Amino acid sequence: MAIHENLLGGPPPTHLPDDPEPRELLASGAAPAEVAAKYPASSLAWAQLADEAFEAGRVVESYAYARTGYHRGLDALRRNGWKGHGPVPFEHEPNRGFLRALHALARAAQAIGEQEEYERCSTFLRESSPTAADTLS
């Protein structure tokens, strides 16, 4: 039996390919706006922009950044075999940008009173990665 075999018969986990440049730039202290401009497909850069805006009280801006990161992440997931459902493990570091953007979108939606969006995104996060839901909350 393969170690990663899904015994419940669901779709296999989706593991996004590594894209170390944006992650390394952010880790070195580069401004997230500069990283997002240079690597606009990086969900991680958009998620970090969303976090910074939220922490500064710019909730609508946070929502917009998070939605961009979320959609960039969905595009990447689909390009890598994801069919609209199934695990997106937080343990796989390249998946974290998408999961962080999804969490940020839920958080900002709740803050602006968009309860349906908050619930949809929170459920999506928990179903994609219970570890992400627990870690990011």
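Cut-offs and rules
Residues numbered from 1 in each chain as written. Predicted model: local features only at pLDDT ≥ 70, side-chain atom pairs only at ≥ 80, totals over all residues. Heavy atoms only, no water. Salt bridge = Lys/Arg side-chain N within 4 Å of Asp/Glu carboxyl O. Helix = DSSP H or I, 4+ residues; strand = E, 2+ residues; numbered from the N terminus. Buried < 20%, exposed > 50% of the residue type's maximum accessible area, 1.4 Å probe, protein only. Contact = heavy atoms within 4.5 Å. pLDDT = per-residue confidence, 0-100. Core = buried A, V, L, I, M, F, W, Y, C linked by side-chain atoms within 4.5 Å. Phe/Tyr/Trp six-rings, centres within 6.5 Å; stacked < 30°, edge-to-face > 60°. Lys NZ or Arg CZ within 6 Å of the ring centre and 35° of its normal. Expected span 1.5 Å × (residues − 1).

Looking at an unreviewed UniProt entry, one finds the protein named DUF3151 domain-containing protein and attributed to Streptomyces hygroscopicus.

A. Region of interest: the pattern of salt bridges. As enumerated under the stated definition, the model contains eight salt bridges in all. For D18, the salt bridge goes to R23, with nearest N and O atoms at 2.7 Å. Residue R120 pairs with E117 through a salt bridge whose shortest N-O separation is 3.2 Å. Residue R120 and its partner E117 are both found in helix 6 (residues 115-128); the two are separated by three residues, about one turn of the helix. What you see here is one network of salt bridges that share partners, running through D18, R23 and E93.

B. Representation of the environment of L49. With respect to the secondary-structure elements, L49 resides in helix 3 (residues 43-55). Assessed through its relative accessible area of 8%, L49 is described here as buried. Put simply, L49 and G69 are 20 residues apart on the chain and 9.3 Å apart in space, counted from C-alpha to C-alpha. Look past the residues within four positions of L49 in its chain and what remains in contact with it is P32, A33, A36 and Y65.

C. Structural detail: the confidence of the model for the protein. With 94% of its residues at a pLDDT of 70 or more, the protein has an overall mean of 94. Low pLDDT (under 50) marks residues 1-5, which in the prediction has one contact with non-local residues, meaning those over four places away or in another chain.

D. Region of interest: the nonpolar core. Grouped together as the largest cluster of nonpolar side chains are 24 residues, with contacts concentrated most on Y70, F98, L99, L102 and F124. At the level of elements, helix 4 (59-79), helix 5 (96-111), helix 6 and helix 7 (130-136) are the ones that each hand at least two residues to this core. When residues in this core are grouped by element, the largest group, eight residues, is from helix 5. Residues in contact with Y70, not counting those within four places in the same chain, are F98, A101, L102, L105, R120 and F124. If you look at the next biggest cluster of nonpolar residues, it comprises seven residues, including V35, A36, L44 and L49.

E. Layout of the packing of aromatic side chains. Summed over the entire model, instances satisfying the criterion amount to five aromatic pairs. Both rings, one in Y70 and one in F124, keep their centres 6.2 Å apart while their planes meet at 85°; by these two values the pair is edge-to-face. Placement of the pair is Y70 in helix 4 and F124 in helix 6, with a sequence separation of 54 residues. An identical accessibility class is assigned to Y70 and F124; each is buried. Taken together, the ring pairs in this structure connect Y70, W82, F98 and F124 into an aromatic cluster. When the ring centre of F90 is taken as origin, the NZ or CZ atom of R96, which lies over that ring, is 4.5 Å away. Taking NZ or CZ as reference, R107 lies 4.3 Å from the ring centre of F54, over its face.

F. Helix 6, seen in detail. In a regular helix each residue adds 1.5 Å, so 14 residues correspond to 20 Å; helix 6 covers 20 Å between its end C-alpha atoms and thus fits that length. Taken together, the buried residues of helix 6 touch helix 4, helix 5 and helix 7.

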